[in-house]
Amino acid sequence: MVVAFNVTHGEQGDWVVLRVSGELDLVTSPLLRQPVHDAVAEGRHSIVLDLSEVFFCDSSGVGVLIAVRRLMRSCQGRLRLILPAQGAVDGSHVNRVLGALGVRRLFDVYADVDDALTEEAEPLPA
């Protein structure tokens with residue numbers, strides 16, 4: 001079975017919202033990296049990555065998320081991840097992978113896009 005990987009681009013106020021679906025792995029990681037780099041090149045420094053529809057993430061996927069975090073920090077930007085606690089069997093696969101690797105605390109994580117875009121909303125605890 002072939003699963004399509006997709007990144008859709010949207011904007012809400014100052015934020016670029018990238019909705020990602022499918023498997024985030026060695027083959028698809030560059031397909032996520034490029035739209036982030038494009039947004040930063042356009043001067044957009046507030047990015048939300050909605051990973052709620054990503055059902056698999058390997059070390060390449062984690063690597064691209066860490067690289068995106070590094071890029072956003074280098075330009076004094078803001079990065080927020082959407083990793084809902086509820087999801088496919090026991091919650092977000094990406095959330096579990098980041099937690100197991102001990103890097104989940106590096107990210108500001110929100111349950112949904114609305115929370116991520118609300119300045120008063122607090123990130124979910126690691």
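One can find the structure itself at the top, above this paragraph.
Notes on the structure in this doc start here. Note that this is a predicted model, so its numbers are computed, not measured.

What to know about the overall build of the chain
Here is step 1: Within the chain one finds four helices and five strands.
Here is step 2: Secondary structure elements in the chain, listed N-terminal to C-terminal, are β-β-α-β-α-β-α-β-α.
Here is step 3: The C-alpha atoms of the chain give 13 Å as radius of gyration, which agrees with the globular expectation for 126 residues (14 Å, within 12%).
Here is step 4: Counting over 126 residues, the chain shows a buried share of 44%.

Examining the pairing of strand β2 (residues 15-24)
Here is step 1: Judged by how many residues are buried, β2 sits mostly within the fold: seven of ten residues are covered.
Here is step 2: Bridge count between strand β1 (residues 6-12) and β2: seven bridges; the pairing is antiparallel. Paired with T8 across the strands is R19, a residue of β2.
Here is step 3: Hairpin geometry of β1 and β2 is characterised by an intervening segment of two residues between the two adjacent antiparallel strands and by a positive phi of about 65° at G13.
Here is step 4: For β2 and strand β3 (residues 46-57), the ladder comprises eight bridges, and the chain directions are parallel. Bridge pairing links E23 to F56 in β3.

A look at unusual backbone geometry
Here is step 1: The phi dihedral of Q76 falls on the positive side, at around 55°, and the residue is not glycine.
Here is step 2: Examined against the element boundaries, Q76 turns out to sit in the loop between α2 (59-74) and β4 (78-82).

Rules of the game
- Residues numbered from 1 in each chain as written.
- Predicted model: local features only at pLDDT ≥ 70, side-chain atom pairs only at ≥ 80, totals over all residues.
- Heavy atoms only, no water.
- Helix = DSSP H or I, 4+ residues; strand = E, 2+ residues; numbered from the N terminus.
- Rg over C-alpha atoms; globule rule 2.2 N^0.38 Å.
- Buried < 20%, exposed > 50% of the residue type's maximum accessible area, 1.4 Å probe, protein only.
- Pairing = 2+ DSSP bridges.

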